[in-house]
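# What the coordinates show
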Amino acid sequence: MKTTIDVPDELLARARLHARVAGVPLRAVVAEGLRLLLETDESVEPYRLPDLSVGDPRADDPLEAYSWQDLSEAAYEHPGGGGR
């Protein structure tokens, strides 16, 4: 894709010299520079889910006494009874 960008003169001169010495087109030097920057950019931190916990994390688990079947039935029970 073609695009136009403003590059400081000194940086462009260095990039052209590098391209000439390496025997590659200037566009290859620019593309590789962008690729390296984006692969090693550590300034973008991964998203972390916020901790939205409620209650005391040290308290006993109130659901521990229930079986999976009990929990499943309670989760899918319609308000006012009637089961599923």
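In this text the structure is predicted, and so the values were computed from the model without any measurement.

Cut-off values and rules
- Residues numbered from 1 in each chain as written.
- Predicted model: local features only at pLDDT ≥ 70, side-chain atom pairs only at ≥ 80, totals over all residues.
- Heavy atoms only, no water.
- Helix = DSSP H or I, 4+ residues; strand = E, 2+ residues; numbered from the N terminus.
- Rg over C-alpha atoms; globule rule 2.2 N^0.38 Å.
- Buried < 20%, exposed > 50% of the residue type's maximum accessible area, 1.4 Å probe, protein only.
- Areas by Shrake-Rupley, 256 points an atom, 1.4 Å probe, with all protein chains shown as cover.
- 1 Å grid on protein atoms, 1.4 Å probe; cavity = no way out; pocket = protein on both sides within 12 Å on 5 of 7 lines; lining within 4 Å.
- Points joined across faces, edges and corners; volume = space filled by probe spheres on them.
- Nonpolar A, V, L, I, M, F, W, Y, C, P; charged D, E, K, R; others polar.
- Salt bridge = Lys/Arg side-chain N within 4 Å of Asp/Glu carboxyl O.

## Regarding the overall build of the chain
A count of helical and extended segments in the chain gives 3 helices and 0 strands. In the chain, the succession of α and β elements from N to C terminus is α-α-α. In summary, the chain has a C-alpha radius of gyration of 30 Å against a globular reference of 12 Å for 84 residues, an excess of more than 25%. Summarising its shape, the C-alpha atoms of the chain cover approximately 80 × 30 × 20 Å along the three principal directions. Considering the chain as a whole, with its 84 residues, one finds that 5% of them fall into the buried category. On the chain, roughly 8,500 Å² of surface is accessible, and the fraction owed to carbon and sulfur atoms is 56%.

## Things to note about the layout of surface pockets
Of the volumes computed, that of the largest pocket is approximately 470 Å³. In terms of lining residues, the largest pocket is bounded by 16 residues, among which Thr3, Ile5, Leu26, Arg27 and Val30 are the most central. The set of elements that each furnish at least two residues to the lining of the largest pocket consists of helix H1 (9-22) and helix H2 (26-40). Element by element, the count of residues in the lining of the largest pocket is highest for H2, at 6 residues. Partitioning the lining of the largest pocket into residue classes produces 11 nonpolar, 2 polar and 3 charged.

## Here we look at the pattern of salt bridges
If you walk through the whole model with that rule in mind, you get 2 salt bridges. Across the pair Arg58 and Asp56 runs a salt bridge, and its minimum N-O distance is 3.6 Å.

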